[in-house]
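Structure assessment
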Amino acid sequence: METTDKMRVDVERSIQQSVEDISETIRALLAERGIFALNLISSPGSGKTTLIEALLSRYEGKGTVAVIEGDLETEIDADRIRKHGVNVLQINTRSGCHIQPIQLLNALRRMDLSDTRLLIVENVGNLVCPAEVPLGEDKRIVLLSVTEGDEKPLKYPLIFQTSDVLIITKTDLLPYVKFDMDRVRRAARIANPRIEIFELSAVTGEGVPAFLDRIESFGDAKRPRP
Ligand SMILES: Nc1nc2c(ncn2[C@@H]2O[C@H](COP(=O)(O)OP(=O)(O)O)[C@@H](O)[C@H]2O)c(=O)[nH]1
Ligand SMILES: [Mg+2]
């Protein structure tokens, strides 16, 4: 290997190492505080913020939820979430295509998490780079809306391989688009045989309570009651 290639490989390895170290620091901070964390990833416009709003409007323990919003620019999503009366902070990544672990750690250190039991992180919208970056989350959730096409798990396998849950969103639009539910389920399971799949519409609410129940059972599993 050429010296410059070796230096590049060494630098890439040390960057990856620091990403993993910081994500472990986040994981430890969350564990110490008994906080269960979700990392929501999808293309822009798949319905991440709308789903968070649909969950919050049904969740009795809203006072125990904190939300971190990730976008290149603006506070638009944080403002939407703030209307639900929950603890929310916006991260602007400017040109960054995912939330960096150090950005999340700094955000968490600025927030009052004393009552928080559930942390929802909405990552920057795309199916590529967030897949490569652990944020110390307990569960990684990928959303795919029915308007995006049923072949996406075949084209972007890494995010489906690394996610615990796939949520197929905007099911109210199924009558209007060509989208084969069996095909997408098969494609997702090729990428990841263990992925759990939910179908829902954040607009009509169909399927939202079932996913909310699952979030609660995930959280309970992390914090077994005496
Ligand atoms: N019909 C329909 N539209 C939805 C649904 N969820 C989100 N949308 C719409 O999709 C657009 C993008 O939603 P948003 O939550 O901002 O997507 P994000 O970029 O992933 O956060 C908005 O116009 C939403 O009203 C849904 O379940 N059904
Ligand atoms: Mg959003």
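See above for the structure.
In what follows, the accompanying structure is described. A quick note: this is a predicted structure, and the numbers were derived from the prediction, not measured. (Residues numbered from 1 in each chain as written. Chains lettered and ligands numbered in written order. Predicted model: local features only at pLDDT ≥ 70, side-chain atom pairs only at ≥ 80, totals over all residues.)

1. Structural notes on the sheet that holds strand S6 (residues 165-169)
Pairing is parallel in the open sheet, where seven strands are placed in the order S3-S2-S4-S1-S5-S6-S7. At either margin of the open sheet sits one strand with a lone partner, and together these are strand S3 (87-92) and strand S7 (196-199). Strand-to-strand twist in this sheet, taken as the mean axis angle between neighbours without regard to direction, amounts to 20°. Where strand S2 (residues 65-71) meets S3, six bridges bridge the pair, whose relative direction is parallel. Across the sheet, residue Gly-70 finds its bridge partner in S3, namely Ile-91. Helix-sheet contacts for helix H2 (residues 48-58) involve strand S1 (36-41), S2, strand S4 (118-122), strand S5 (139-145) and S6, and the interaxial angle to S4 is about 160°. (Pairing = 2+ DSSP bridges. Helix = DSSP H or I, 4+ residues; strand = E, 2+ residues; numbered from the N terminus. Axes fitted to C-alpha atoms, helices over the stretch in contact; angles between N-to-C directions. Contact = placed C-beta atoms within 7 Å.)

2. Considerations on the nonpolar core
Judged by nonpolar contacts, the single largest core of 49 residues is most densely connected at Val-67, Leu-119, Ile-120, Val-121 and Val-142. Per element, the largest residue contribution to this core is five residues, and it comes from S1. The residues touching Val-142, leaving out its near neighbours within four places in the chain, are Ile-41, Ser-42, Ile-159, Phe-160, Ser-163 and Leu-166. (Core = buried A, V, L, I, M, F, W, Y, C linked by C-beta atoms within 7 Å. Buried ≥ 20, exposed ≤ 12 C-beta atoms within 10 Å, placed from the backbone.)

3. Remarks on the site of ligand 1
Taken together, 16 residues form the shell around ligand 1, and within it Gly-47, Lys-48, Thr-49, Thr-50 and Val-203 come nearest. Considering every element that reaches the shell around ligand 1, the biggest residue donor is H2, with three residues. Split by residue class, the shell around ligand 1 holds four nonpolar, nine polar and three charged. (Near = placed C-beta within 6 Å. Nonpolar A, V, L, I, M, F, W, Y, C, P; charged D, E, K, R; others polar.)

So, to be careful, I would describe these as geometric facts and stop short of saying anything about function.
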